[in-house]
Amino acid sequence: MNYYDIIKKPIVTERSMDLIENGKYTFEVDKRATKTEIRAAVETVFGVKVKTVRTMNMVGKLKRQGAHQGRRSNWKKAIVQLTEDSKAIEFFEGME
């Protein structure tokens, strides 16, 4: 699996923007990725040092349209904390 396949997209919410002040960045990642693979992907793609990785399996929400009911797909979220001496990820700099 390629490093760019592991990190799908950043998660930009109010809570994730507040976590950036503490050096924590939130990403949607591949469901099959492990913590060590996520750590290696973030360090390689963004050129930073990772302290910890926390992952959560998010359950897709039930959605209805009239009489029809469906479910959004399940996904995995990773919160990556950088070391104190690491530089910030430039992608998030303009969003604060």
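Per an unreviewed UniProt entry, the protein is named Large ribosomal subunit protein uL23, and its organism is Peptoniphilus indolicus ATCC 29427. Its UniProt record gives the protein the following Sequence similarities (unreviewed entry) comment, quoted word for word: "Belongs to the universal ribosomal protein uL23 family." UniProt, in the comment section headed Function (unreviewed entry), describes the protein in these words: "One of the early assembly proteins it binds 23S rRNA. One of the proteins that surrounds the polypeptide exit tunnel on the outside of the ribosome. Forms the main docking site for trigger factor binding to the ribosome."

(A) Broad picture of the side chain of threonine 26. If you trace the backbone, threonine 26 turns up in strand β2 (residues 24–29). Ignoring any residue separated from it by four or fewer positions in sequence, one finds threonine 26 in contact with Pro10, Ile11, Ser16, Leu19, Lys77, Ala78, Ile79 and Phe92.

(B) The arrangement of the environment of tyrosine 3 in detail. When you line up the elements, tyrosine 3 lands in helix α1 (residues 3–6). Judged by its relative accessible area of 35%, tyrosine 3 is partly exposed. With 42 residues separating them along the chain, tyrosine 3 and valine 45 place their C-alpha atoms 7.2 Å apart. Not counting residues up to four positions away in its chain, the partners in contact with tyrosine 3 are Ala40, Ala41, Thr44 and Val45.

(C) Just the pattern of salt bridges, in detail. Considering all chains together, one arrives at five salt bridges under this definition. In this structure, the salt-bridge partner of glutamate 28 is lysine 9, at a minimum N-O distance of 3.7 Å. Residue glutamate 28 is located in strand β2, and its partner lysine 9 is located in strand β1 (residues 7–10); the two are separated by 19 residues in the primary sequence.

(D) Seen up close, the sheet that holds β2. Strand order in the open sheet formed by four strands is β1-β2-β6-β3, and the pairing between neighbours is antiparallel. Strand pairing shows two members of the sheet lacking a second neighbour, β1 and β3 (50–58), which therefore form its edges. For this sheet, the mean inter-axis angle between neighbouring strands, taken without regard to orientation, is 30°. In the sheet, β1 pairs with β2 via three bridges, with the strands oriented antiparallel. Across the sheet, isoleucine 7 pairs through a bridge with valine 29, a residue of β2.

Quick notes on the rules
Residues numbered from 1 in each chain as written. Predicted model: local features only at pLDDT ≥ 70, side-chain atom pairs only at ≥ 80, totals over all residues. Heavy atoms only, no water. UniProt positions renumbered as here; feature names shortened; annotations may be inferred. Helix = DSSP H or I, 4+ residues; strand = E, 2+ residues; numbered from the N terminus. Contact = heavy atoms within 4.5 Å. Buried < 20%, exposed > 50% of the residue type's maximum accessible area, 1.4 Å probe, protein only. Salt bridge = Lys/Arg side-chain N within 4 Å of Asp/Glu carboxyl O. Pairing = 2+ DSSP bridges. Axes fitted to C-alpha atoms, helices over the stretch in contact; angles between N-to-C directions.

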